[in-house]
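What follows is each chain in one-letter form.
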Amino acid sequence: MERHRLHFLCIQEHRLKGAGKIFDAQSWAQKAGLQLFTGEAIATEATGPSATSAGTGVLAAAYIGAKAFDLKEMAQEVVDGFGGSLTGVSVEWILARLQTVKLEAGFKHIFALVSIYGLHGIGVSGPNVILFEVLAPALQQIGLPWAVGGDWNFKLSELAGSGWLNVVDGAEVLQVAKLGDVASECRADDQFAFLVQSAV
């Protein structure tokens, strides 16, 4: 990344756990002329490199004004609304899979960028729907043009068929972005990594 001019970048599954590792990553970003907005990954039952999973983040160039948008309150409302029936889904789980940043021009926010990492193998159902339950009101509250990019872990056609794009005020697909080097991710008919933008 240091060899290219980077404006902003969505990150998925960074696996950083602990304040020290987050600080080290943010320090690296600062030295590279970047800002890193991220939180901790979540612990898993595995060991070794797989002991953490699902961390998301946004990298933005240092010259871009940017501010994190806190989703914790909305995530808590959604979890509380399901009355403890969400097996394996907590506020921490949600915050690990969604990172939202407001970008600025001068002192005015002009754009919101979200990095998302969906749960693999379930499509638009279960915990992945919970991410939408948090994200939709967040985007409406922010009230800015936005883009959501990342590894959704389901096909674009599944997202389009879910009706969620209608819920968030006429969102449309900006492009099917080849964000990964894995061949299966780069086929237009089997694309899990893509970017969606607001219609505004």
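In case you missed it, the structure is sitting above this.
J.: Can you help me understand the packing of aromatic side chains in this one?
T.: One pair of aromatic rings is described through two measures. These are the centre distance and the angle between the planes. This model, assessed by the stated rule, comprises 7 aromatic pairs. With 6.3 Å between their ring centres and 50 degrees between their planes, Phe132 and Trp152 make a pair best called tilted. Placement of the pair is Phe132 in helix α4 (residues 127–142) and Trp152 in the loop between β9 (146–151) and α5 (156–162), with a sequence separation of 20 residues. This pair shows no difference in class: Phe132 is buried, exactly as Trp152 is. Ring centres of Phe132 and Trp164 lie 4.7 Å apart, and the angle between their planes is 20 degrees; on these two criteria the pair is classed as stacked. Of the two residues, Phe132 sits in helix α4 while Trp164 sits in helix α6 (residues 164–167), which places them 32 residues apart along the sequence. Residue Phe132 shares its accessibility class with Trp164, and that shared class is buried. Three or more aromatic residues link up through ring pairs in this structure, and these residues are Phe132, Trp146, Trp152, Phe154, Trp164 and Phe194.

Thresholds applied
- Residues numbered from 1 in each chain as written.
- Predicted model: local features only at pLDDT ≥ 70, side-chain atom pairs only at ≥ 80, totals over all residues.
- Heavy atoms only, no water.
- Phe/Tyr/Trp six-rings, centres within 6.5 Å; stacked < 30°, edge-to-face > 60°.
- Helix = DSSP H or I, 4+ residues; strand = E, 2+ residues; numbered from the N terminus.
- Buried < 20%, exposed > 50% of the residue type's maximum accessible area, 1.4 Å probe, protein only.

Note that all results are geometric; they support no functional claim without further evidence.
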